[in-house]
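Structural description and commentary
Chain by chain, the residues:
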Amino acid sequence: MIKDLDLVQTLAELDKKHFLHPTSPIKQQQEQGPAFIFTEGKGVHLYDVMGKSVIDGMSSLWNVNVGHGREEIGKVAMEQMSKLAFTSCFATFSNEPAIRLASKLSQIAPGDLSATFFTSGGSESNDTAYKLARHYWILKGQAGRKKIISRTKSYHGVAMGATSATGLKPFRDFTNSLAPDFCYVENFSAQSLREVIEAEGPETVAAFIAEPVQGAGGVHVAPKDYFKKIRNICDEYGILFITDEVITGFGRTGKYFGIEHYGVAPDMMCFAKGVTSGYAQLGGVMLSERIHQELIEFSEGTLLHGYTYSGHPMACAVALKNLEIIERENLIENAEIMGQEMLKGFKWLQSNRKIVGEVRGLGLMGGIEIVKEQKFSTPIAPLIVSEAAKRGLICRSVTFDGQDTLVFAPPLTISKTEIDQMIDILHDSILAFE
Ligand code: PMP
């Protein structure tokens, strides 16, 4: 045990000195060291360097859909790396896993999305979508169409374009110069989209982008008829409709893709995370058959956009195995059923604990709002998150825009017993706080 404590101490000191963490409270890291140093994962559980076990109620950032510790994915990665770890896909060079994955994606994607441009993650996918949309309009002789419209509570990542599209202001205010030609509309208001298009001039707008369910913004589920209205408005003004399925893709919401709940199809779709369940870094943008055909028809020369890792053989092989597991184990159906159980649990908390306000969710994405009380001057959700972590549950708080919300996204493999454990821990954490 002493040895373990020494190891933890050493690692924590090295972390503080040398590791600048993504999206983390920088002073807290220096004062308290890293919150966890994880060493292993199995199913919905993570284990840290001290052997403490926690339920990964966030799938490690809405990501590990098939759960942790899948040896068969590790085996595929090792085999692919041993055979062909990497070649580039520039200059039409190709490889079998990338070809097979692009083909598989065309079978499972909504509408007629049929061609995939690969990236290494969600932010790159978003920047790619904006550039491809603008490039498409240049080819079509409408170079004036360059504005990208997004929504006020949206999160699209942290690359320059993706940050610029992100509606949540604190992410944009982090830096002092962003990309031009981005505008924002009110969350879930089709009328606001129409007004902004009219005000900006339809001939200046390239695309509208939206997450089918907003995750980082606090798990906000769109009204049933919202996306039909959006699709109609985009068609009316000839604007491309892009869905950002970085979180909602690959079964998370109880359907393969979140937009399927709304009975419409996008022109382009960004994805990442669940395509490999985080076992390798991979994302991409899918284009509809029509857009793909038009690109082929109007393009001359080279498509001058590409990442070194676009079509990475090992990442694509991992994705194929991951999708096989999702289908073989009926994880999309499990997400739907367990999502209902999770929401039932939230409703039970709502009737038992007075600080639990609105609860919401779709599939295995869930949110709990904390009721505002005069006596609290700062948000409470972050305190409940630390209480829950001590008791063995990882979840996140969202405090943007005056919200005080807890969010959840456990692996799609979660069982009823594990949902019950989550709810029990939450109950005790809220009670401890009250
Ligand atoms: N889009 C959405 C909807 C996301 O939630 C995220 C990340 N959570 C991103 C894009 C950015 O993805 P990444 O962090 O892989 O760059």
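Just above sits the structure.
Bear in mind the structure is a predicted one, so any value in this text is a computation, not a measurement.

Scoring rules and cut-offs
- Residues numbered from 1 in each chain as written.
- Predicted model: local features only at pLDDT ≥ 70, side-chain atom pairs only at ≥ 80, totals over all residues.
- Near = placed C-beta within 6 Å.
- Helix = DSSP H or I, 4+ residues; strand = E, 2+ residues; numbered from the N terminus.
- Nonpolar A, V, L, I, M, F, W, Y, C, P; charged D, E, K, R; others polar.
- Axes fitted to C-alpha atoms, helices over the stretch in contact; angles between N-to-C directions.
- Parallel < 35°, antiparallel > 145°, perpendicular 65-115°, else oblique.
- Left-handed = near helix turned anticlockwise from the far one by under 90°.
- Contact = placed C-beta atoms within 7 Å.
- Expected span 1.5 Å × (residues − 1).
- Core = buried A, V, L, I, M, F, W, Y, C linked by C-beta atoms within 7 Å.
- Buried ≥ 20, exposed ≤ 12 C-beta atoms within 10 Å, placed from the backbone.
- Domains from an automatic or database assignment.
- Pairing = 2+ DSSP bridges.

**Description of the site of the ligand**
If you check the shell around the ligand, you find 15 residues, and the closest are G121, G122, S123, G157 and V246. Ranked by residue count, the leading element in the shell around the ligand is helix α6 (residues 122–139), at three residues. By residue class, the composition of the shell around the ligand is six nonpolar, seven polar and two charged.

**Quick look at the packing of helix α4 (residues 71–84) against helix α12 (residues 313–328)**
To describe two helices that pack against each other, one gives the angle between their axes and the distance between the axes. Where α4 meets α12, the axes come as close as 9 Å, and the angle between the chain directions of the two elements is 150°. Between α4 and α12, the crossing angle belongs to the class labelled roughly antiparallel. Of the two possible hands of crossing, α4 and α12 adopt the one that is right-handed. Within the contact between the two elements, α4 uses E72, I73, V76, A77, Q80, M81 and L84 and α12 uses P313, M314, A317, V318, K321 and N322. The residue inventory of the contact of α4 with α12, partitioned by class, reads nine nonpolar, two polar and two charged.

**Topic: α6**
The first and last C-alpha atoms of α6 sit 25 Å apart over 18 residues, in line with the 26 Å expected at 1.5 Å per residue. Directly beyond the C-terminal end of α6, a positive phi value near 80° is found at G141.

**Quick notes on the nonpolar core**
Within the largest apolar cluster, 112 residues are counted, with the highest numbers of intra-cluster contacts made by A133, F208, I242 and M268. A per-element tally of this core places α12 first, with eight residues. Residue assignment places this core across two domains, with domain 1 (36–66 + 330–433) and domain 2 (71–328) each supplying three or more. The residues touching I242, leaving out its near neighbours within four places in the chain, are A129, A133, A207, F208, I209, P266, D267, M268, M269 and C270.

**Focus on the sheet that holds strand β17 (residues 405–408)**
Taking strand neighbours across the sheet as the criterion, the four strands line up as β13-β14-β17-β16 in an open arrangement whose pairing is antiparallel. Edge positions in the sheet fall to β13 (356–362) and β16 (396–398), since each has one partner strand and no second. For this sheet, the mean inter-axis angle between neighbouring strands, taken without regard to orientation, is 25°. In this structure, β13 lies alongside strand β14 (residues 365–370), joined through five bridges in antiparallel fashion. From the neighbouring strand, V356 faces β14, where its bridge partner is I370.

**Examining the sheet that holds strand β12 (residues 283–288)**
Strand order in the open sheet formed by seven strands is β4-β12-β11-β10-β7-β5-β6, with mixed pairing between adjacent strands. At either margin of the open sheet sits one strand with a lone partner, and together these are β4 (113–119) and β6 (182–185). Here the strands of the sheet are splayed against their neighbours by 25° on average, with no regard to which way each runs. Pairing of β4 with β12 involves six bridges; the strand directions are antiparallel. Within β12, the residue paired with L113 across the bridge is S288. Across the sheet, helix α5 (residues 96–108) touches β4 and β12, and the angle it forms with β4 is around 135°. Sheet strands in contact with helix α11 (residues 289–298) are β4, β11 (268–271) and β12, and its direction is about 85° off that of β12.

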